[in-house]
Amino acid sequence: MEGKTQLNVYETVKKQFNKAADIIHLDPEIRKILAMTMNEIVFNFPVKMDNGKIEMFTGYRVQHNNVLGPFKGGLRFHPGVDINEVRALATWMTWKSAIVNIPFGGAKGGIQFDPANYSKSEIERITRRFTFALGTNIGPEYDIPAPDVNTNSQIMAWMLDTYASTMPAHERQACTHVVTGKPVEAGGSIGRDKATGQGVVFTILQWAEEANFDMKKATYMVQGFGNVGSWASRLLKPYGATLIAVEDKTGAIISEHGIDPDALTEHVQNTGGVKGFADSEEVDHDTMLAIDVDIFIPAALENQITAKTAPTLNVKLIAEGANGPTDTDGDRILQERGIDLLPDILCNAGGVIVSYFEWLQNKRSEFWDLAEVDGKLHKKIIQGYELVREAVREFHADWRTAAYIVALRRLETVYKDRGIFP
Ligand code: NAD
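Bear in mind the structure is a predicted one, so any value in this text is a computation, not a measurement.

On to the domain arrangement of the chain, then. Per the domain assignment, the segments making up the chain are domain 1 (37-176) and domain 2 (195-338). Relative placement of domain 1 and domain 2: their C-alpha centres are 28 Å apart. At the boundary of domain 1 with domain 2, total buried surface from both sides reaches about 540 Å², with 47% on carbon and sulfur atoms. Viewed at the interface, domain 2 and domain 1 are joined by one salt bridge. Between Glu 302 and Arg 76 there is a salt bridge whose closest N-O contact spans 2.7 Å. Where domain 1 touches domain 2, the interface holds two residue pairs in polar contact (both at pLDDT 80 or more).

Below you can see the structure in the form of structure tokens.
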């Protein structure tokens, strides 16, 4: 896998934004606002390690925009986290919520470290100390974190507990919705765990229907077999599509006969990665990317589809489970080569949609069942899909630019309605 730091992803966001803003002649005053993040907070904080020594960590929270509702976005634990990555991820969150029409803004956070090198109790203390440092920069009606790379429902439960413990006594019970993606027992929503993968699958199925493409004959490969990649694969299984190759941080595997996503999920849970999976062959990164399959689901990190790799892909469709897997050169080459693309800000919006459902359930003290969550998720993400498809037709735009157009028009309208204070 390419090192994601090779290219500053925030530059990619700016190029994507400018392209769409030019096409729709976005109001120049509103363009100034949306081109910048609202708040950027960097924390350096100490944590006591298991050996009694102190280690310093750097964490970030960037809040891009909240004109549509509270800031919303995940928290990432990764050595590659830096201010530009968090700015990019926060900005994409604003567009994403606007496309699928949920009342949230965009934010993102991260701590620059590799959790694989730390014990569970150290990770708990890092999480709690960062949450304490965030203080009231997050809040159930202000800024609501969720899981992202290397964070999960356990991390969210620790964040909730820390946040609640630092609130005045009479507010502690009323802040469950300060984070989403919690364990179900701790106020999480049924279906949030699989939601991003489910949204990826719903958009792929919609594409297949409109392209007259038979999913039973489909072959596909996945990069990243964590939350998003493994759920997307498992949820595609009932439709008959065959998983041919998978890459994660431990390596890449391929099997012409097909890889069972459920068995691979179990293998990854037991061993920590896809490497060594039975009845598969190990291949290198370049070989995997060049294999001939119908669909590629990038579900790991940024900058994977670039000037170097886009010409080597042999696929019909790219469904972006990851945020920012394609840079602007990659986009151009995919368009020249006639490869379809479901852009991240639409394709992986299932996560934030069900986070919104979780937030609503917490506020109303309700518990929805899976059928209700999935049904509402399907409706929301397909409404977003249809708006983007209409913008593709209206502006003769590529799908990513069309997705931006949908988001920017909605944000422009709200700013025009509200005006700028004072
Ligand atoms: P995760 O931590 O559960 O999984 C990440 C996967 O990427 C792992 O399989 C890991 O091995 C793999 N990976 C890491 N480094 C790699 C490398 N160098 N080469 C190949 N694979 C590598 O994270 P996730 O939550 O599944 O997130 C994956 C992507 O999806 C990210 O871009 C994230 O921002 C995006 N996303 C996640 C959600 C969500 O709800 N979790 C929502 C929207 C978008």
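This part covers the side chain of Asp 344. With respect to the helices and strands, Asp 344 occurs in helix H11 (residues 344-347). Leaving out residues up to four positions away in the same chain, Asp 344 has contacts with Trp 92, Lys 96, Glu 320, Ala 322, Asn 323, Gly 324, Pro 325, Ala 349 and Arg 400.

One finds Trp 95, Ile 204, Met 215 and Ile 297 to be the most contacted residues of the largest nonpolar core, which totals 87 residues. No other element matches helix H14 (residues 399-418), which puts 10 residues into this core. Viewed by domain, this core spans two of them, domain 1 (37-176) and domain 2 (195-338), each represented by three or more residues. Once you skip the residues sitting within four places of it in the chain, Ile 297 turns out to touch Val 200, Ile 204, Tyr 220, Met 221, Val 222, Gln 223, Ala 232, Leu 236, Ala 319 and Gly 321.

Further remarks concern the sheet that holds strand S5 (residues 143-147). The sheet built from five strands is open, its strands ordered S1-S2-S4-S3-S5 with mixed pairing. Each end of this open sheet is capped by a strand with a single partner; those strands are strand S1 (39-48) and S5. When the angles between neighbouring strand axes are averaged without regard to direction, this sheet yields 20°. When strand S3 (residues 71-77) meets strand S4 (residues 106-111), the two strands line up parallel, connected through three bridges. Looking across to S4, one finds that Leu 75 is bridged to Gly 109. Contacting S3 and S5, helix H5 (residues 153-165) runs over the sheet at an angle of about 150° to S5.

Once that is clear, we can look at the environment of Asp 284. With respect to the helices, strands and loops of the structure, Asp 284 is situated in the loop between strand S9 (281-283) and helix H9 (285-290). In sequence terms Asp 284 and Lys 363 are 79 residues apart; their C-alpha atoms lie 48 Å from each other. Within the structure, the side chain of Asp 284 is placed 3.3 Å from the backbone nitrogen of Asp 286, a separation counted as a polar contact.

This paragraph deals with the packing of aromatic side chains. Following the criterion strictly, the structure yields 17 aromatic pairs and no others. When the ring of Phe 43 is compared with that of Phe 130, the centres are 5.6 Å apart and the planes differ by 90°; the resulting orientation is edge-to-face. Residue Phe 43 is located in strand S1, and its partner Phe 130 is located in helix H4 (residues 120-134); the two are separated by 87 residues in the primary sequence. Judged on exposure class, the residue Phe 43 and its partner Phe 130 are both buried. Ring plane angle 50° and centroid distance 5.6 Å describe the contact between Trp 95 and Tyr 404, whose orientation is recorded as tilted. Pair noted here: Trp 95 is in helix H3 (residues 83-99) and Tyr 404 is in helix H14, with a separation of 309 residues, a long-range link. The pair Trp 95 / Tyr 404 is uniform in exposure class, with both members buried. By the ring-pair criterion, three or more aromatic residues cluster together here, those being Phe 43, Phe 45, Phe 57, Phe 77, Phe 113, Tyr 118 and Phe 130. Across from the ring centre of Phe 104, 6.0 Å away, lies the NZ or CZ of Lys 72, which sits over that ring.

Per the stated rule, a full pass over the model turns up 31 salt bridges. Note that Lys 237 is salt-bridged to Asp 260, the shortest N-O span being 2.8 Å. Pair noted here: Lys 237 is in the loop between helix H7 (227-236) and strand S7 (242-248) and Asp 260 is in the loop between strand S8 (251-254) and helix H8 (261-271), with a separation of 23 residues, a long-range link. By relative accessible area, Lys 237 is classed as partly exposed at 36%. The exposure class assigned to Asp 260 is partly exposed, which follows from its relative accessible area of 30%. Here Arg 364 makes a salt bridge to Glu 366, at a shortest N to O gap of 3.8 Å. Judged by its relative accessible area of 46%, Arg 364 is partly exposed. Here the salt bridges share partners, and the residues they tie into one network are Arg 76, Glu 85, Lys 108, Asp 148 and Glu 302.

Time to look at the confidence of the model for the chain. Summary statistics for the chain give a mean pLDDT of 97 and a share of 98% for residues scoring 70 or more. This stretch, residues 1-5, has a pLDDT under 50; its non-local contacts, to residues over four places away or in other chains, come to 17 contacts.

Calculation notes
Residues numbered from 1 in each chain as written. Predicted model: local features only at pLDDT ≥ 70, side-chain atom pairs only at ≥ 80, totals over all residues. Heavy atoms only, no water. Domains from an automatic or database assignment. Buried area = accessible area lost by both parts, 1.4 Å probe. Salt bridge = Lys/Arg side-chain N within 4 Å of Asp/Glu carboxyl O. Polar contact = N/O pair within 3.5 Å; in protein donor to acceptor, adjacent residues only side chain to side chain. Helix = DSSP H or I, 4+ residues; strand = E, 2+ residues; numbered from the N terminus. Contact = heavy atoms within 4.5 Å. Core = buried A, V, L, I, M, F, W, Y, C linked by side-chain atoms within 4.5 Å. Buried < 20%, exposed > 50% of the residue type's maximum accessible area, 1.4 Å probe, protein only. Pairing = 2+ DSSP bridges. Axes fitted to C-alpha atoms, helices over the stretch in contact; angles between N-to-C directions. Phe/Tyr/Trp six-rings, centres within 6.5 Å; stacked < 30°, edge-to-face > 60°. Lys NZ or Arg CZ within 6 Å of the ring centre and 35° of its normal. pLDDT = per-residue confidence, 0-100.

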